[in-house]
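Structure assessment
Listed here are the chains, written in short residue letters.
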Amino acid sequence: MAYESTDGGTGAAGCAEPGTSDSLRTFGAVVQALREHAGLSREEFSGLVGFSKHTVASVEQGRRMPDRDFVERAEPVLGGTGALRRAAPHLSRQAGLASWFRQWARLEATAISLYTYECRVVPGLLQTEAYARAVSLNVPPLPDPEELEQRIAARLARQELLSVNRKPPTAFSFIVEQAVLERWTGGETVTRELLDRLVELIERNWNVEFQVMPTRRPTHAGLDGPIMLAETPENRWFAYPEGQQNGRLIAHTKEISLLQQRYAKLRSQALTSEDSLGLLKRLRGAL
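Residues numbered from 1 in each chain as written. Predicted model: local features only at pLDDT ≥ 70, side-chain atom pairs only at ≥ 80, totals over all residues. Heavy atoms only, no water.

**Structural notes on helix H11 (residues 253-269)**
Taking 1.5 Å as the rise per residue, H11 with 17 residues should run 24 Å; its terminal C-alpha atoms sit 24 Å apart, in good agreement. Those residues of H11 lying buried are Ile256, Leu259, Tyr263, Leu266 and Gln269. Down the axis of H11, the smallest arc covering the buried residues is 145°, so these residues share one side. Among the exposed residues of H11, those oriented more than 90 degrees off its buried face are Thr253, Lys254, Gln261 and Ser268. Close packing links the buried residues of H11 with strand E1 (113-118), strand E2 (171-177), strand E3 (208-213), strand E4 (227-231) and strand E5 (237-239). (Helix = DSSP H or I, 4+ residues; strand = E, 2+ residues; numbered from the N terminus. Expected span 1.5 Å × (residues − 1). Buried < 20%, exposed > 50% of the residue type's maximum accessible area, 1.4 Å probe, protein only. Arc of directions from axis to C-beta. Contact = heavy atoms within 4.5 Å.)

**Focus: the pairing of E1**
Buried residues dominate E1, accounting for six of its six residues. Every second residue of E1 is oriented toward a common face, with Ser113, Tyr115 and Tyr117 on one face and Leu114, Thr116 and Glu118 on the other, all of them buried. Bridge count for E1 against E2 is six bridges, and the pairing is parallel. Counterpart to Tyr115 in the pairing with E2 is Ser173. Direction of pairing for E1 relative to E4: antiparallel, over a ladder of five bridges. Looking at E4, one finds that Tyr115 is bridged to Leu229. (Pairing = 2+ DSSP bridges.)

**Description of the packing of aromatic side chains**
Tallying each qualifying case throughout the model produces five aromatic pairs. Pairing Phe45 with Phe70 gives two aromatic rings, centres 6.2 Å apart and planes at 75°, and the pair type is edge-to-face. Of this pair, Phe45 sits in helix H2 (residues 42-49) while Phe70 is found in helix H4 (residues 68-77), placing the two residues 25 residues apart along the sequence. When sorted by exposure, Phe45 lands in the same class as Phe70, which is buried. Measuring from ring centre to ring centre gives 5.5 Å for Phe51 and Phe70, while their planes differ by 65°; the resulting arrangement is edge-to-face. With Phe51 in the loop between H2 and helix H3 (53-60) and Phe70 in helix H4, the pair connects residues that are 19 residues apart, well separated along the chain. Judged by its relative accessible area of 8%, Phe51 is buried. Members of the aromatic cluster, joined through ring pairs, are Phe45, Phe51 and Phe70. Over the face of the ring belonging to Phe51 we find Arg204, whose NZ or CZ atom lies 5.4 Å from the ring centre. (Phe/Tyr/Trp six-rings, centres within 6.5 Å; stacked < 30°, edge-to-face > 60°. Lys NZ or Arg CZ within 6 Å of the ring centre and 35° of its normal.)

**Some remarks on H3**
Among the eight residues that make up H3, six are buried, leaving the element largely enclosed by the rest of the structure. When we look at burial in H3, the residues that qualify are Thr55, Val56, Ala57, Ser58, Val59 and Glu60. Where H3 is buried, its residues meet helix H1 (22-37), H2, H4, helix H7 (129-138) and helix H8 (145-157). Once H3 ends, the next one or two residues include Gly62, with phi positive near 75°.

Everything listed is a geometric property; what it means functionally is a separate question.
Quick look at the structure:
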């Protein structure tokens, strides 16, 4: 299914993630061939379509599911033949979700609202390829090369959910601890690229609200750990807490209500969206 959403979690959990496929590799090869035929370098092409050079490379190498924005912007730049639009609905990845994540992934794929509080790593939906690689290589046991590429490909493909062209577009709220952003996971270069990605996404995607929880915060409603909440098209809410090598889907209304109360409190305790964006830019400027 094109534009499918899958991932095994935000961090290193979920080692049985889906990988690339022949259709993704073929699509990527066609994009690369058309780009080269047009006489464009990856850097030139990325500027014309409004995606980073690393995103273009990931699509061309079959490691990333192209989202609708990518296809629609690339089509006229690469000749306007309609080939990319016709091919996109037939893209697929290999199956293989972590067992505890499958139900949540199905809910997430059609959710109209998704809320995430994260105190460990930057949420998977917001990660760059380099950051996802660094996270995966930090937590034992180390994956073998093929598994690593599958894990990264799945995480990047999942980011299509952020597109404003989905009908209806999903409303996102992210709250991320400042310490996570200042940890420099993967080093200075990886952090610089991550901050650029976050600033670009927040400024471009009107459906994404991003807040930073400051390091110094005497009162904090998220001390019990990460929170993930999803609202279905039928306006039902579900939650998904994830830990070390496991996760649990929550449908009980009383538990959901409690987590919603905590998330609402976190929103009031975190920096505003405007102040959070300013902090991201200051952190980026300091690198």
